[in-house]
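# Structural overview for review
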Amino acid sequence: MAIIPVVQTTVISPFRSWVPTWLKILVAFSILVPVLLINGAYTGSNIDISSYLGVLSEDINMAYYASSAGMAIAHLIIPKVKPIATTKTIILIVLLCQVFLSLICAETNYIEVIIVCSFLIGYFKAFSMIETINILMPVLSPSNTRNEFYAKFYPITLACGQLSLVLTAELAYLYKWEYMYYFMILLLLVAIIAVVLCMAFARRLVHIPIKDIDWLSFFLVSACCMSIIYVCTYGKTMDWFASQKILIATILIPVTGWLFIRRQFSGHPFVDMSVLKNRNSTVVYLLSFVLMFFASFSILIYSYTNIVLRLDSTRVNELYLYMLPGFVVGGIICYYSYLKEIRMAWLIFIGFACFTISIGYLYFKVMPSGLYEDLYIPMFLRGIGMTTLFVSFAIYAIQGLSQKQLIYNAFFMITARSAIAPAIGSSILTNWLYQLQQKNVTLLSQNIDTQNPLAMDQVTSSVNSTMAQGWSIEDAQRIAMNALYQKVQIQAVTVSIKTILGWMLIMGIILLVLILLYFFQYKPVKLMKMGTDMSG
């Protein structure tokens, strides 16, 4: 889930004079909740949407990642729009656009339309997040420190992201997948009414800063991000470079990336590339890829529950609820570190330690006769790890940056952590699992013949049992062979998952050692004040 950094620009309250503090908080959360829940495509109803539209599940994933890409790129436009519009104007326009886009997603039968709408929904989401954070800052962080604010804000945002998965799956199971869009439209309309009633009159835009925006840079960075996501998402499905589309997208990545970077060293750069010279920021961007790679072990859990445990998608999505207490515990750990002024390096270590422990726990629990309940602890630890790492990364990355660089740090952070890294991490694990599964199926099938007494005993027992139920000998043999093949598939998937988990466990242990050796040799990063991220 992409989180916007704190931005503090509004001195005058955007609310009407009669609105009490408690109502301001309620209005802020009425905006925040639908903004956090909304997406152009909901992975919780992945199967339902792809079945109804006749598309691949990768298409839904592409739309989901497109939303994060749009959210990241919006940070390059926000500094141009913010000075010429009030909070009420921005929020109303953004919410109305999201209502319109959600309605299109619910009614269209074209996945291309959903992908474009997802990008725009993510784009508009960034604006409303910025304004909502401005309202909540004094409430969530009386100390005016990012540490306190993020320790309270991140658990809320991460929890909403997981609830969206479960809610989507339940609505798709009980009703139709389109109902999630209608539900979001209802929440957005409630937020619009609250804004109209409680916020002060909004002045009109003085001018729309169309000429102030470098649209070529906007197009180039958008094309580069979407090309990376496209290659990672569709690579396995299209057989990688055997596909002309994958080849074209792959070529576009360095071309658009180089043109974008080259343009930033012109007279009027769209992005301040000097952010990448800051050691702390660069380290965090790189570690964001590692974080999302480890977080992608949920793909292994999905394969395990779906193929080995034979559970439906609703039960699988319910597992994400066990991350909620992890978010709470993670928030408490971060708040305690703020009170005791503990250096961020320890939070980074704790976060990756939680992922390593959860992966190690899974390694010993994954088996053909495993239990659904064995997955509770890994998801709980995943919740703690994500919260502590999101908070520590957000604080550690801005050490050494100037106020004007912070908004560009948000662009790089969200692009790496929420758009590109999840796509790359998922692609690596999905392809790794597929290759190992095919290899293990071949190895296990080699010894299954008439000379294998164990296999023949199972086939004979299955044939006799099936014939006793009234099936013919031909049908009984076919059913027996299918049952044996299913056992081979289950065993192959189990072995493949354990192999990947074993390597991830080794990588996690090595990473923890590197964190201890690297981070503690530099000046500690502890408390960070709010600042004014978009001043000037």
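Going by the structure above, here's the rest.
Attention in this report is confined to the structure presented alongside it. These numbers were taken from a predicted model, which means no experiment stands behind them.

## Some details on the overall build of the protein chain
Scanning the protein chain from terminus to terminus reveals 19 helices and 0 strands. In the protein chain, which comprises 536 residues, the share counted as buried stands at 57%. Residue pairs at least 24 apart in sequence account for 85% of intrachain contacts in the protein chain once pairs closer than 6 positions are excluded. As displayed, the protein chain has an accessible area near 23400 Å², and 66% of this comes from carbon and sulfur atoms.

## Description of the nonpolar core
Note that soluble globular proteins tend to have their nonpolar side chains buried in a common cluster. Ranked by internal contacts, the top residues of the largest apolar core, which has 168 residues, are Phe 127, Val 271, Phe 352, Phe 393 and Met 504. Counting residues per element, this core draws most heavily on helix α6 (residues 111–140), at 17 residues. In contact with Phe 127, other than residues within four places in its own chain, are Ala 74, Ile 77, Ile 78, Val 81, Ile 90 and Val 94.

## Here we look at the packing of aromatic side chains
If you walk through the whole model with that rule in mind, you get 21 aromatic pairs. Ring geometry for Tyr 363 and Phe 364: centres 5.1 Å apart, planes at 90°, overall edge-to-face. Feature note: the residues Tyr 123, Phe 124, Phe 127, Trp 215 and Phe 218 constitute an aromatic cluster, connected by ring pairs. Cation over ring: Arg 382 sits above Phe 297, and NZ or CZ is 5.9 Å from the ring centre. Here Arg 417 stacks its cationic end above the ring of Phe 390, 4.3 Å away from the centre of that ring.

## Comments concerning the environment of Leu 389
Among the structural elements, Leu 389 can be located in helix α16 (residues 376–396). A relative accessible area of 0% means that Leu 389 is categorised as buried. Separated by 37 residues in sequence, Leu 389 and Phe 352 have C-alpha atoms that sit 7.6 Å apart. The contact partners of Leu 389, leaving out residues within four places of it in the chain, are Leu 291, Leu 347, Ile 348, Gly 351, Phe 352 and Phe 355.

Scoring rules and cut-offs
Residues numbered from 1 in each chain as written. Predicted model: local features only at pLDDT ≥ 70, side-chain atom pairs only at ≥ 80, totals over all residues. Heavy atoms only, no water. Helix = DSSP H or I, 4+ residues; strand = E, 2+ residues; numbered from the N terminus. Buried < 20%, exposed > 50% of the residue type's maximum accessible area, 1.4 Å probe, protein only. Contact = heavy atoms within 4.5 Å. Areas by Shrake-Rupley, 256 points an atom, 1.4 Å probe, with all protein chains shown as cover. Core = buried A, V, L, I, M, F, W, Y, C linked by side-chain atoms within 4.5 Å. Phe/Tyr/Trp six-rings, centres within 6.5 Å; stacked < 30°, edge-to-face > 60°. Lys NZ or Arg CZ within 6 Å of the ring centre and 35° of its normal.

Interpretation note: all reported values are geometric properties and have no functional meaning in isolation.
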